[in-house]
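# Observations on the three-dimensional arrangement
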Amino acid sequence: MGLLDGSLLTLSVLLAMAAPAACMVLWNRLGGPRAVQFGGRLGLIAVCQVTVLLLAGLLVNRSFQLYASWDDLFGRSGSGGDVQPAPGAGPREGGRLSPHGVGTKINFGYVRDNQTYSATFLGHASGIRALVRVWLPPEYTHSAYANARFPVIELFPGFPGTPSTWFNALQAGNKLREAMFRGQAKPYILVAPTITVQPGRDTECTDIPNGPQVATWLTKDIREAMTENFRALPGADSWAAMGYSTGGFCAAKLTEQHPEMFRAGVSLAGYFAPSSPDITRDPKLAKANNAYELLSTKPAVSLLLAGSDQDSNTASSIAAMTKAMRPPTQIFKYIVPKGGHNVHVWQQMLPKAYEWISKQLLGPT
């Protein structure tokens, strides 16, 4: 019986209804000493609670497609599959690095728990004040790299996720360290900015008219902060964007919108058309932030679109993006057979995502 099967949901509904009925019937029929009766009644209450919680969990899981199977729930999926180029995708020579701008020094404090540097600061261009977390590769402090500048992967969480998710649940830094040890990836600076800059408001990484300028925050302000406070390479050929769920949408569309800032984008179980009312109420704004529509501008970027066959609509959306691609844009697909819409699946995708990014970017240098 599969985790998303209707039969399991039906069984759960019946159990949730039967448990309180059984409780009422058996409550005064329990025999034995008073302590035994008391324990039995506690057991009946516990059964009622468990069956209700089970039903609630199944309904939430079906609604959000968090776990697609029992293997997924117990951490036995999210692997398999491989990165495949769409027709017409191939190697591209890197361009030249652009000079970095002038900004203000920011006091990033070290967070031992997840080995990141953290700061909350005001972006000059956007006027947004929000938290940013930065992870540095081991090579950053090695004497052999004392004068080197490093490529950057900008990491976008989902909605209403936080930058910490990347370094706690997803273990982005540890996964990159492991990939580097195996020779699969280059040393990168990882930067995870806040994308939900107003609680409860999903801007989908967009500059909202008369609202928060989130795209500007994620592009101009983050670039300035990284090049002025860390030895980050400033040019587009050394920057990639990667995100999961809503962050995956952000990574794809910001890479397409700003080929002068990003050479590659990775979408982990993302979607490609905006859904926030802040955007969809304005047809012109919705079109300008639609990843399908942006392909018609033919940006000279590479996209890796990853997902699971069991994650609702993800594989079909990736197929639609692939069909709409026009050179010089390049699209690569990475589809795993099992897994729902959850961090375990995305964590398992990170090694191949890092390996793919390493074939797209320049640096360290």
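Look up: the structure comes first, before these words.
First things first, this report covers the structure right here in the doc.

Reading the values: the criteria
Residues numbered from 1 in each chain as written. Predicted model: local features only at pLDDT ≥ 70, side-chain atom pairs only at ≥ 80, totals over all residues. Heavy atoms only, no water. Buried < 20%, exposed > 50% of the residue type's maximum accessible area, 1.4 Å probe, protein only. Helix = DSSP H or I, 4+ residues; strand = E, 2+ residues; numbered from the N terminus. Pairing = 2+ DSSP bridges. Right-handed = clockwise from strand over helix to strand, strands pointing away. 1 Å grid on protein atoms, 1.4 Å probe; cavity = no way out; pocket = protein on both sides within 12 Å on 5 of 7 lines; lining within 4 Å. Points joined across faces, edges and corners; volume = space filled by probe spheres on them. Nonpolar A, V, L, I, M, F, W, Y, C, P; charged D, E, K, R; others polar. Patch = residues over 30% accessible without salt bridge, like charges linked within 9 Å, V, L, I, M, F, W, Y side chains within 5 Å. Areas by Shrake-Rupley, 256 points an atom, 1.4 Å probe, with all protein chains shown as cover. Salt bridge = Lys/Arg side-chain N within 4 Å of Asp/Glu carboxyl O. Core = buried A, V, L, I, M, F, W, Y, C linked by side-chain atoms within 4.5 Å. Contact = heavy atoms within 4.5 Å. Arc of directions from axis to C-beta. Disulfide = S-S within 2.5 Å.

### Here's the deal with the pairing of strand E10 (residues 330–336)
For E10, a buried count of 5 out of 7 residues is recorded, marking the element as mostly surrounded by other parts of the structure. The pairing of strand E9 (residues 302–308) with E10 spans 7 bridges and is classified as parallel. Each bridged residue has a counterpart across the sheet, and for Ser302 the counterpart in E10 is Gln330. The β-α-β motif built from E9, the intervening helix H11 (residues 314–324) and the parallel element E10 has right-handed crossover chirality.

### Some details on the pairing of strand E8 (residues 264–268)
The buried count for E8 comes to 5 of 5 residues, which makes it a mostly enclosed element. Side chains Ala264, Val266 and Leu268 project from E8 onto one buried face, and the interleaved Gly265 and Ser267 project onto a second face that is buried too. Pairing analysis gives 5 bridges linking strand E7 (residues 239–244) to E8, with the strands arranged parallel. What sits directly across from Ala240, in E8, is Ala264. Regarding topology, helix H7 (residues 246–257) serves as the crossover connection from E7 to the parallel E8, and that connection is right-handed. Looking at chain direction, E8 and E9 are connected through 5 bridges and run parallel. Looking at the pairing, Gly265 lines up with Leu303 of E9.

### Focus on empty space enclosed by the protein
Tallying each qualifying case throughout the model produces 1 cavity of 30 Å³ or more. In this structure, the largest cavity spans a volume of roughly 30 Å³. For the largest cavity, the full set of lining residues is Phe159, Ile195, Thr196, Arg201, Asp202, Thr203, Glu204, Cys205 and Thr246. The class makeup of the residues in the lining of the largest cavity is 3 nonpolar, 3 polar and 3 charged.

### With respect to a nonpolar patch on the surface
Taken together, the side chains of Trp27, Phe38, Leu42 and Ile45 make up a nonpolar region of the molecular surface, amounting to roughly 380 Å² of accessible area. Positionally, Ile45 belongs in helix H2 (residues 34–64). Since its relative accessible area comes to 35%, Ile45 is described here as partly exposed.

### Quick word on the nonpolar core
Counting 35 residues, the largest nonpolar core has Leu155, Trp166, Leu190, Met242, Leu268, Tyr354 and Ile357 as the members making the most contacts within it. Considering every element that reaches this core, the biggest residue donor is helix H12 (residues 343–358), with 8 residues. Residues within four places of Leu190 in sequence aside, it is in contact with Arg133, Val134, Trp135, Ile153, Leu155, Phe167, Ala172, Gly173, Leu176 and Tyr354. Of all hydrophobic cores here, the second largest spans 34 residues; its members include Phe108, Phe150, Val152 and Trp217.

### Thoughts on helix H5 (residues 172–181)
Taken together, the buried positions of H5 are Ala172, Gly173, Lys175, Leu176, Ala179 and Met180. For H5, the angular spread of the buried residues around the axis is 165°, confining them to a single face. A positive backbone phi angle near 80° is found at Gly183, which sits one or two residues after H5.

### A closer look at the state of the cysteines
If you walk through the whole model with that rule in mind, you get 1 disulfide. Two residues, Cys205 and Cys250, share a disulfide whose sulfurs are 2.1 Å apart. Between Cys205 and Cys250 the disulfide shows an S-S torsion of about 85°. By sign, it is right-handed. Residue Cys205 is located in the loop between strand E6 (189–193) and helix H6 (214–229), and its partner Cys250 is located in helix H7; the two are separated by 45 residues in the primary sequence. The residues Cys205 and Cys250 share a single accessibility class, namely buried. Looking at the unpaired Cys23, the closest cysteine sulfur is the one in Cys48, lying at 4.4 Å.

### As for the pattern of salt bridges
Per the stated rule, a full pass over the model turns up 4 salt bridges. Among the ionic pairs, Glu178 bridges to Lys175, the shortest N-O distance being 3.9 Å. A residue pair is termed a helical-turn pair when its members lie 3 or 4 positions apart in one helix, as Glu178 and Lys175 do in helix H5 at 3 residues. Between Asp237 and Arg263 there is a salt bridge; the shortest N-O distance is 2.4 Å. Linking Asp237 in the loop between H6 and E7 with Arg263 in the loop between H7 and E8, this pair joins segments that are 26 residues apart in sequence. As far as the burial class goes, Asp237 and Arg263 line up, both buried. Taken together, the shared-partner salt bridges in this structure form one network comprising Arg201, Asp278 and Arg281.

Just distances and angles here, no functional claims.
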